[in-house]
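Breakdown of the fold
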Amino acid sequence: MVWILTTTACQAQGYGNYASSIGLSTGYAEDGIGIMANYNYHLNRYSYAQLGVFGAIAEDKGTYDIPYTIFTVQPGYFRKIWEERNFKRYSLHLGGGGLLGYEVINNGNNDLENGALINGKSQFIYGLFLGLEAEIRLGSSFSLLLKGNEFYHFNSDVGNFYPYIGLGLRYFLF
């Protein structure tokens, strides 16, 4: 029985999942601050499927300062486009995918303090994203992560293009 489990585990690691990792980053989102958590399922040494959760708290600066919050979930695919040749300590990954989320404008209130009305409304949003990740290996389990995403929301009242750049850590589970 132990032999069967060991053989199966070795075959699964040899032909299937290279590793799984989780990441957490925080940084600048348009007009505010954002935080992103990711789970990566590494398909091989060069690519991984990613499931990300993003949240941003910001304030639209214009004639009136209007607070808003965005929450999204992004499934995507990333591919390694560069890796340091000798030590494999530094790498760049490029990817993209879809997104689905919700935006809350002015805490759901259409009236401003001065009596003005907001035309935008809180709603579900959907779109696409393009991402770039720079990774610096700190050891066998941790990496420093610089993450940049450009989100495109098809139906957002805040704006169609929404950038995020953050710094964080990635932990390799196995």
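Structure report, in brief. (Residues numbered from 1 in each chain as written. Predicted model: local features only at pLDDT ≥ 70, side-chain atom pairs only at ≥ 80, totals over all residues. Heavy atoms only, no water.)

**A word on the overall build of the protein**
Across its full length, the protein holds one helix and eight strands. Of the regular secondary structure in the protein, the N- to C-terminal order runs α-β-β-β-β-β-β-β-β. With 174 residues in all, the protein has 36% of them scored as buried. Sequence-distant contacts in the protein: of pairs separated by 6 or more residues, those separated by 24 or more amount to 55%. For the protein, the computed accessible surface area is about 10,200 Å², with 64% contributed by carbon and sulfur atoms. (Helix = DSSP H or I, 4+ residues; strand = E, 2+ residues; numbered from the N terminus. Buried < 20%, exposed > 50% of the residue type's maximum accessible area, 1.4 Å probe, protein only. Contact = heavy atoms within 4.5 Å. Areas by Shrake-Rupley, 256 points an atom, 1.4 Å probe, with all protein chains shown as cover.)

**Thoughts on the packing of aromatic side chains**
The description of an aromatic ring pair uses the distance of the two centres, along with the angle that the planes make with each other. By the definition in use, this model includes 12 aromatic pairs. Look at F54 and Y162: their rings are 6.4 Å apart centre to centre, the planes differ by 70 degrees, and that puts the pair in the edge-to-face class. Of this pair, F54 sits in strand 3 (residues 47–60) while Y162 sits in strand 8 (residues 161–172), placing them 108 residues apart in sequence. Owing to a relative accessible area of 2%, F54 belongs among the buried residues under this scheme. (Phe/Tyr/Trp six-rings, centres within 6.5 Å; stacked < 30°, edge-to-face > 60°.)

**Quick notes on the pairing of strand 5 (residues 90–105)**
The pairing of strand 4 (residues 66–83) with strand 5 spans 13 bridges and is antiparallel. When the bridges of strand 5 are listed, T69 appears paired with V104. Linking strand 4 to strand 5, which pair antiparallel, is a turn of six residues; within it K88 sits at a positive phi near 55 degrees. Summarising the sheet, strand 5 and strand 6 (residues 123–137) pair through 14 bridges and their orientation is antiparallel. (Pairing = 2+ DSSP bridges.)

**Considerations on the pattern of salt bridges**
Applying the stated rule across the entire model yields seven salt bridges. With a shortest N-O distance of 2.6 Å, E133 and R170 are connected by a salt bridge. Of this pair, E133 sits in strand 6 while R170 sits in strand 8, and the two are 37 residues apart along the sequence. Since its relative accessible area comes to 1%, R170 is described here as buried. Between E135 and R170 there is a salt bridge, with the nearest N and O atoms lying 3.4 Å from each other. Placement of E135 in strand 6 and of R170 in strand 8 is noted, with a sequence separation of 35 residues between them. Of the two residues, E135 and R170, neither departs from the other in class, the shared state being buried. Counted as one network, the salt bridges with shared partners bring together R45, K80, E83 and K88. (Salt bridge = Lys/Arg side-chain N within 4 Å of Asp/Glu carboxyl O.)

**A look at the nonpolar core**
Ranked by internal contacts, the top residues of the largest apolar core, which has 19 residues, are A29, F54, Y68, F151, Y162 and Y164. Where this core is concerned, the elements lending two or more residues are strand 3, strand 4, strand 5, strand 6 and strand 8. Apart from residues lying up to four places away in sequence, A29 is in contact with G34, F54, A56, Y162, P163 and Y164. (Core = buried A, V, L, I, M, F, W, Y, C linked by side-chain atoms within 4.5 Å.)

**Quick look at the environment of G101**
Residue placement: G101 occurs in strand 5. By relative accessible area, which is 10% here, G101 ends up buried. Sequence separation of G101 and F71 is 30 residues, and the distance between their C-alpha atoms is 5.4 Å. Not counting residues within four places of it along the chain, the set of residues in contact with G101 comprises F71, T72, Q123, F124 and I125.

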